Amino acid sequence: MKKTIATIALCVLAFQLNAQTLIKGEFKKGQTATYSTNAKTSTGSPMGGGSVEATVTFNTVINVTENAGDSTILEITAKDFTVEGSEEGASQFELTKAVIGKTVKVSTDANGKLRHILNYDEVSNHMRQSLTKTVEDMFSSHPEIAQVMSKESMIEKLASAVSEEKILDAVGVKTLFDLNGQTIKNGDKQEKVTNGIKLTTTYQVAPVLKMLGVVATSKANMTEEEVKEFIISQMVENGLPDEQVEQMKANWSQMAAMGLNKLEVNDTTTYHFSQGWVQDVTSDSSINMAIANISTKTTTKLAEKNF
């Protein structure tokens with residue numbers, strides 16, 4: 001009898017683990033949640049020269065302001081931005097710094113999947129002004145930068161990079177809402193593009209202490225030509241002069257011979273869900289490519305709520 005019960009229990013568990021699960025955000029008007037983010041990053045050059053490290057912290061306040069039919073309106077504000085360690089090492093968080101204190105209004109669908117930034121023009125203009133000041137301060141403090149790129153070029157490239165996706169990432173909610181609206185089960189694989197990188201993501205799903213746990217493991221899945229286009233696009237976004245970009249294109253075969261045509265991405269992100277809200281997200285990621293090696297460990301936790 002005991003053996004039969006154990007067998008039934010194992011069968012039920014196996015069914016649960018392989019059943020499809022809909023990730024659904026359940027947001028009600030008047031709900032408020034504050035998430036605390038801590039990101040430790042290390043950036044080094046593949047050619048040597050050491051690395052720079054930084055720890056970035058900030059809070060994200062989410063207010064549910066409206067439920068209308070199949071849509072919810074959220075007001076999201078990032079605040080309390082701090083950097084410990086190298087400011088240079090925290091450069092990947094420049095967009096977060098630029099949006100601090102500015103409320104971003106976002107619509108979601110019935111499953112809590114992010115749709116659009118409703119005040120995109122207002123937010124993007126605010127960020128462009130902030131980024132312009134950052135670049136001007138940088139050139140004032142380090143005039144030698146002008147020898148490799150112009151201030152106007154860097155401002156233009158940074159401003160053009162302010163997309164909806166990057167704004168949502170900057171305020172700390174892109175990861176929180178990434179899985180909403182998806183139906184997944186153990187072993188599912190998904191092809192997606194994140195920040196210009198094509199990834200293959202494998203999912204594991206299981207209940208954890210009355211919560212739903214999801215582990216997403218991602219690796220880069222790009223051809224050599226796609227890697228080339230990505231690395232060059234990063235040079236353009238970071239303000240490299242056009243003539244140097246063209247030189248890089250012309251000398252790409254030499255870079256490949258030196259092993260500088262690689263792009264390796266490894267990311268493991270763990271989510272815990274309860275009551276239709278993410279309780280915490282932890283991410284351990286590394287990007288190794290020709291121009292930089294970057295590793296980042298990020299933890300985002302639900303710090304306060306009124307529900």
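The structure displayed is predicted, hence computed values, not measured ones.

Considerations on the sheet that holds strand β11 (residues 263-274)
Next, step 1: If you trace the eleven strands from one edge of the open sheet to the other, you get β6-β5-β4-β3-β2-β13-β12-β11-β10-β9-β8, paired in antiparallel fashion. Each having just a single partner strand, β6 (114-117) and β8 (189-194) make up the two edges of the open sheet. Within the sheet, the average angular offset between the axes of one strand and its neighbour, ignoring direction, is 25°.

Some thoughts on empty space enclosed by the protein
Next, step 1: Within this structure, the stated rule accounts for two cavities of 30 Å³ or more.
Next, step 2: Taken as a whole, the largest cavity holds about 70 Å³ of empty space.
Next, step 3: Contributing to the lining of the largest cavity are G25, F27, Y35, I62, L176, F177, N180, F273, G276, W277 and V278.
Next, step 4: Mapped by element, the contributors of at least two residues to the lining of the largest cavity are α6 (174-177) and β12 (277-289).
Next, step 5: Here the lining of the largest cavity is composed, by residue class, of eight nonpolar, three polar and no charged.
Next, step 6: Within this model, the second largest cavity holds a volume of roughly 40 Å³.
Next, step 7: F81, V83, E87, A90, S91, F93, E94 and K97 together form the lining of the second largest cavity.
Next, step 8: Contributing elements (two or more residues each) for the lining of the second largest cavity: β4 (71-85) and α2 (94-99).
Next, step 9: Looking at the lining of the second largest cavity residue by residue, the class counts come to four nonpolar, one polar and three charged.

Details of helix α3 (residues 120-141)
Next, step 1: Here α3 is 22 residues long and its end C-alpha atoms lie 31 Å apart, about the 32 Å a rise of 1.5 Å per residue gives.
Next, step 2: Among all positions of α3, only V123, S124, M127, L131, V135 and F139 are buried. On an axial view of α3, the arc spanned by its buried residues comes to 130°, and they lie on one face. Facing away from the buried surface of α3 by more than 90 degrees, the exposed residues are Q129, K133, S140 and S141.
Next, step 3: In this structure, the buried side of α3 is in contact with α2, β5 (104-108), α4 (151-160) and α5 (164-170).

What to know about unusual backbone geometry
Next, step 1: With phi around 60°, D80 is a residue other than glycine that occupies positive phi space.
Next, step 2: In this fold, D80 is placed in strand β4.
Next, step 3: The partly exposed category is assigned to D80, whose relative accessible area is 44%.
Next, step 4: Of note, K210 is a non-glycine position whose phi angle comes to about 65°, a positive value.
Next, step 5: Secondary-structure assignment places K210 in the loop between β9 (197-208) and β10 (211-220).
Next, step 6: Take K210: its relative accessible area is 86%, and that puts it in the exposed class.

Comments concerning the environment of V64
Next, step 1: On the secondary structure map, V64 appears in strand β3 (residues 51-68).
Next, step 2: In the structure, V64 is positioned 32 residues away from T32 in sequence and 6.4 Å away in space, judged by C-alpha atoms.
Next, step 3: When near neighbours in sequence (up to four residues on either side) are disregarded, V64 contacts F27, K28, K29, G30, Q31, T72, I73, L74 and W277.

Topic: the packing of aromatic side chains
Next, step 1: Using the criterion set out here, one finds four aromatic pairs in the structure.
Next, step 2: Seen from their ring centres, F27 and W277 are 4.8 Å apart, and the 70° between their planes marks the pair as edge-to-face. Of the two residues, F27 is situated in the loop between β1 (21-22) and β2 (32-44) and W277 in strand β12; the sequence distance between them amounts to 250 residues.
Next, step 3: We classify W277 as buried; its relative accessible area is 2%.
Next, step 4: Geometrically, the ring pair formed by Y271 and F273 is stacked, given 6.0 Å between the ring centres and 15° between the ring planes. Across the pair, F273 and Y271 agree in class, each one buried.

Topic: the pairing of β4
Next, step 1: Note: β3 against β4, 13 bridges, orientation antiparallel. Its bridge partner lying in β4, E66 is registered against I73.
Next, step 2: Here β4 runs beside β5; their pairing, made up of five bridges, is antiparallel. Within β5, the residue paired with I76 across the bridge is V104.

Rules used throughout
Residues numbered from 1 in each chain as written. Predicted model: local features only at pLDDT ≥ 70, side-chain atom pairs only at ≥ 80, totals over all residues. Heavy atoms only, no water. Pairing = 2+ DSSP bridges. Helix = DSSP H or I, 4+ residues; strand = E, 2+ residues; numbered from the N terminus. Axes fitted to C-alpha atoms, helices over the stretch in contact; angles between N-to-C directions. 1 Å grid on protein atoms, 1.4 Å probe; cavity = no way out; pocket = protein on both sides within 12 Å on 5 of 7 lines; lining within 4 Å. Points joined across faces, edges and corners; volume = space filled by probe spheres on them. Nonpolar A, V, L, I, M, F, W, Y, C, P; charged D, E, K, R; others polar. Expected span 1.5 Å × (residues − 1). Buried < 20%, exposed > 50% of the residue type's maximum accessible area, 1.4 Å probe, protein only. Arc of directions from axis to C-beta. Contact = heavy atoms within 4.5 Å. Phe/Tyr/Trp six-rings, centres within 6.5 Å; stacked < 30°, edge-to-face > 60°.

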